[in-house]
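Listed here are the chains, written in short residue letters.
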Amino acid sequence: VEGFVLFNRFFQPDIDIDEEKNTFPFNFSSGVDNRLPLRYAGLLFGNLKADVCSSTGIIMAKDVIKMLLAGSACVQVVTSLYKHKVSHLKTMIEAVERWMEERGYADIASFRGKLSRKNSNDPWRYTRSQYAKLLLHPEEFLKTAKII
């Protein structure tokens with residue numbers, strides 16, 4: 001395998017308990033849905049020989065940039081295309097290029113995986129140990145946490 005898609009959640013079954021039947025709702029993803037693929041892109045970067053293509057919740061250029069920083073080789077932006085039409089791709093690409101120019105990045109390889117677990121000063125950032133940190137030292141954890 002040279003590459004794979006992480007977390008394509010487009011068709012997820014559900015159960016209607018009143019009708020007692022299986023349903024297949026058509027749900028778009030939202031920006032917060034990208035955290036699981038982001039976590040695993042960051043965990044897997046540099047630990048596999050395959051490329052990771054992140055999917056789910058990648059709506060705007062900032063979401064694309066986050067995935068690339070975590071280590072994704074590519075992204076899928078299906079909800080974004082449904083909501084904003086195909087022309088939105090140009091807007092997203094231009095925004096990513098502007099962001100790169102502002103920071104002096106010549107190409108994606110210059111920053112891809114920069115904030116992965118492999119390249120992080122804090123390798124625990126992508127693991128569940130963050131919960132232990134929160135429970136044992138809440139004041140330290142909350143200094144660096146972004147509460148939303």
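The rules behind the values
Residues numbered from 1 in each chain as written. Predicted model: local features only at pLDDT ≥ 70, side-chain atom pairs only at ≥ 80, totals over all residues. Heavy atoms only, no water. Helix = DSSP H or I, 4+ residues; strand = E, 2+ residues; numbered from the N terminus. Buried < 20%, exposed > 50% of the residue type's maximum accessible area, 1.4 Å probe, protein only. Contact = heavy atoms within 4.5 Å. Areas by Shrake-Rupley, 256 points an atom, 1.4 Å probe, with all protein chains shown as cover. Pairing = 2+ DSSP bridges. Axes fitted to C-alpha atoms, helices over the stretch in contact; angles between N-to-C directions. Parallel < 35°, antiparallel > 145°, perpendicular 65-115°, else oblique. Nonpolar A, V, L, I, M, F, W, Y, C, P; charged D, E, K, R; others polar. Phe/Tyr/Trp six-rings, centres within 6.5 Å; stacked < 30°, edge-to-face > 60°.

Within the chain, the secondary structure is distributed over six helices and five strands. Per-residue burial over the chain gives 29% buried out of 148 residues. Considering only residue pairs separated by 6 or more positions, the chain has 60% of its internal contacts joining residues 24 or more positions apart. As displayed, the chain has an accessible area near 10200 Å², and 56% of this comes from carbon and sulfur atoms.

Moving on: the sheet that holds strand 1 (residues 3-6). With respect to topology, three strands assemble into an open sheet ordered 1-4-5, the strand pairing being parallel. A single partner strand is all that each edge strand has here, and the edge strands are strand 1 and strand 5 (74-75). In the packing of helix 1 (residues 35-44) onto the sheet, contacts are made with strand 1 and strand 4 (51-54), and the angle to strand 1 comes to roughly 150°.

With that settled, the discussion passes to the packing of helix 1 against helix 2 (residues 61-70). One way to put it is that helix 1 packs onto helix 2 with a least axis distance of 7 Å and a crossing angle of 25°. As summarised for this structure, helix 1 and helix 2 are arranged roughly parallel, according to the angle between their axes. Residues Pro37, Leu38, Ala41 and Gly42 of helix 1 form the contact with helix 2, whose own contacting residues are Lys66, Met67 and Ala70. Along the lines of polarity and charge, the residues of the contact of helix 1 with helix 2 split into five nonpolar, one polar and one charged.

Every buried residue of helix 1 is listed here: Pro37, Ala41, Gly42 and Leu43. Where helix 1 is buried, its residues meet strand 1, strand 4 and helix 2.

In total, this model carries three aromatic pairs according to the counting rule given. Both rings, one in Trp99 and one in Tyr105, keep their centres 5.6 Å apart while their planes meet at 25°; by these two values the pair is stacked. Across the pair, Tyr105 and Trp99 agree in class, each one buried. Among the aromatic side chains, those forming a connected cluster through ring pairs are Trp99, Tyr105 and Phe111.

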